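# Working through the structure, step by step
Chain by chain, the residues run as shown.
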Amino acid sequence: MSDSAAATLTDPAPKTDTAFVVIAAISFCHLLNDMMQSLLAALYPMLKASHGLDFGQIGLLTFTFQGLAAVLQPVVGFATDKRPQPHSLPVAMGATLCGLLLLAFADQYWLLLVAAGLVGLGSSIFHPESSRVARMASGGRHGLAQSLFQVGGNFGSALGPLLAAFVVLPRGQASVAWFSLAALVAMLVLWRVGGWYGRHMAHHARRAAKADHHQLPRRDVVVAIAVLVILVISKNVYMVSLSSYYTFFLIHKFDVSVQDAQLMLFLFLGAVAVGTVAGGPIGDRFGRKPVIWFSILGVLPFTLAMPHVGLLWTGVLSVIIGLVLASAFSAIVVFAQDLLPGRVGMVAGLFFGLAFGFAGIGAALLGQLADSQGIDFVYQLCAFLPALGLLAVFLPRMKQEVCA
């Protein structure tokens, strides 16, 4: 880390400044964290062949990893809201490191389950606490900070399968151990971030208590959180329909090559990354509620059209859908954090857990649906999911929603 970066992590930022080096550090670690997590699923074909696993055992590995992460994230967030743990971030990465090492050398199925559990445990600690750090470092630009933090995870998830294909699969299961070096690098960076977090914590708590207070009735808050949960579920089920089955849809409908289908998937994932970054600052400028309206409901005409157009327009529409729909998540998380002041970690854990958990559940259910009804039917059905964006009418107007 450079001298200027070290200086930023040493001294808390002035209250009006955005600590971009801290945000960059936590986003970089998010990239490494999600890259290492995505390795597990990318290795399933190799693990199935080398350990003689059936599809039920593969499913149990996914359930162990994703289920543990989804359930524990809001629990960890709730606990650390009451008693923040600045140095829990390197501990989280340490759990992932242990999981990778065990995954590299596991020779029995139960050891693979333990490895998956350790990776899930690391995720459950990392996401709520790192989201809190991003908010603390935002200088009030909460949407921008959350977007920059999240895009690191997007890139990491995309890198994992590539690394598995070009590094692990040619060299075997033991080569997974080399990725523990990435976890070690992340631990060192997160130790410095944890030091900044600890020094900045008291100052941020005073600011948050003053700035995040609202006068909304409890019933309005409960309704708004329920709406945001439904919107996250609808968004992530649609997104997983593309990330998991888009290549199969293209090959089936247009008879394209696997390489061309992968290229179109890459374009979609690139649009998701751009949309993730753009959504935060747009929400800071124009308000969270307009971004949520535009991102979820506004994408509906494009999702309805995509199953019925040719190859060129399918590619164009998928890019538009990825760009627009991805801009919603940071706005949803920040909106929920504004609704529940003092519950930053619990909110982050809840929504990251929901996004993670329902992505896995959605992928499994859509796969079953594709087997029984066909891949075309999946996209015709999922096209209507963004219509749930109409529920945004029940979201209250916050004081932060007034345009700057």
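The structure under discussion appears in the preceding block.
Residues numbered from 1 in each chain as written. Predicted model: local features only at pLDDT ≥ 70, side-chain atom pairs only at ≥ 80, totals over all residues. Heavy atoms only, no water.

## Observations concerning the overall build of the protein chain
Secondary structure assignment for the protein chain yields 16 helices and zero strands. Taken against the 2.2 N^0.38 rule, which gives 22 Å for 404 residues, the C-alpha radius of gyration of the protein chain at 21 Å falls within 12% of a compact globule. In terms of principal-axis extent, the alpha carbons of the protein chain reach across some 55 × 50 × 35 Å. Each of the 404 residues in the protein chain was classed as buried or not, and the buried ones make up 53%. Residue pairs at least 24 apart in sequence account for 85% of intrachain contacts in the protein chain once pairs closer than 6 positions are excluded. For the protein chain, the exposed area adds up to about 17100 Å²; of that, 71% sits on carbon and sulfur atoms. (Helix = DSSP H or I, 4+ residues; strand = E, 2+ residues; numbered from the N terminus. Rg over C-alpha atoms; globule rule 2.2 N^0.38 Å. Buried < 20%, exposed > 50% of the residue type's maximum accessible area, 1.4 Å probe, protein only. Contact = heavy atoms within 4.5 Å. Areas by Shrake-Rupley, 256 points an atom, 1.4 Å probe, with all protein chains shown as cover.)

## Looking at a nonpolar patch on the surface
Taken together, the side chains of W178, L181, L184 and L188 present a nonpolar region at the surface, about 480 Å² in accessible area. Mapped onto the secondary structure, W178 falls in the loop between α7 (142–171) and α8 (180–211). (Patch = residues over 30% accessible without salt bridge, like charges linked within 9 Å, V, L, I, M, F, W, Y side chains within 5 Å. Salt bridge = Lys/Arg side-chain N within 4 Å of Asp/Glu carboxyl O.)

## Here's the deal with helix α15 (residues 344–373)
Taking 1.5 Å per residue as the helical rise, α15 with its 30 residues ought to reach 44 Å, and the 42 Å between its terminal C-alpha atoms agrees with that figure. Looking one or two places after α15, you find G374, whose phi comes out positive at around 100°. (Expected span 1.5 Å × (residues − 1).)

## Quick look at the packing of aromatic side chains
The full count for this structure, using the stated rule, is five aromatic pairs. Here Y245 and F248 contribute two aromatic rings whose centre-to-centre distance is 6.4 Å and whose plane-to-plane angle is 45°, an arrangement assigned as tilted. Of this pair, Y245 and F248 are both found in helix α9 (residues 218–254), three residues apart, which corresponds to roughly one turn of the helix. According to the relative accessible area criterion, Y245 is buried, its value standing at 16%. When the ring of F249 is compared with that of Y379, the centres are 4.6 Å apart and the planes differ by 45°; the resulting orientation is tilted. One end of the pair, F249, is in helix α9; the other, Y379, is in helix α16 (residues 375–382), with 130 residues separating them in the sequence. Residue classification places Y379 among the buried residues on the basis of a relative accessible area of 1%. Joined through ring pairs, the aromatic side chains of F249, F254 and Y379 make up one cluster. Over the face of the ring belonging to F286 we find R285, whose NZ or CZ atom lies 5.1 Å from the ring centre. (Phe/Tyr/Trp six-rings, centres within 6.5 Å; stacked < 30°, edge-to-face > 60°. Lys NZ or Arg CZ within 6 Å of the ring centre and 35° of its normal.)

## Topic: the nonpolar core
Among the nonpolar cores identified, the biggest contains 115 residues, and L228, I292 and F351 are the most heavily contacted of them. Looking at this core, the element that brings in the most residues is α9, giving 17 residues. For F351, the residues in contact, after removing those within four places along its chain, are I225, L228, V229, V232, F329, I332, V333 and A336. (Core = buried A, V, L, I, M, F, W, Y, C linked by side-chain atoms within 4.5 Å.)

## Some remarks on α7
Here α7 spans 42 Å end to end across 30 residues, near enough to the 44 Å set by a 1.5 Å rise per residue. At A164, α7 shows its maximal bend, which comes to roughly 45°. Positive phi appears at G172, one or two residues downstream of α7, with a value of about 100°. (Bend = angle between axes of the 7 residues up to and from the residue.)

## Re the environment of G120
In this structure, G120 sits in helix α6 (residues 109–136). Note on G120: relative accessible area 0%, which makes it buried. Expressed as a C-alpha distance, the spacing of G120 and L381, which sit 261 residues apart in the sequence, is 31 Å. If near-sequence neighbours (up to four positions away) are discounted, G120 is found in contact with F65, L68 and A69.

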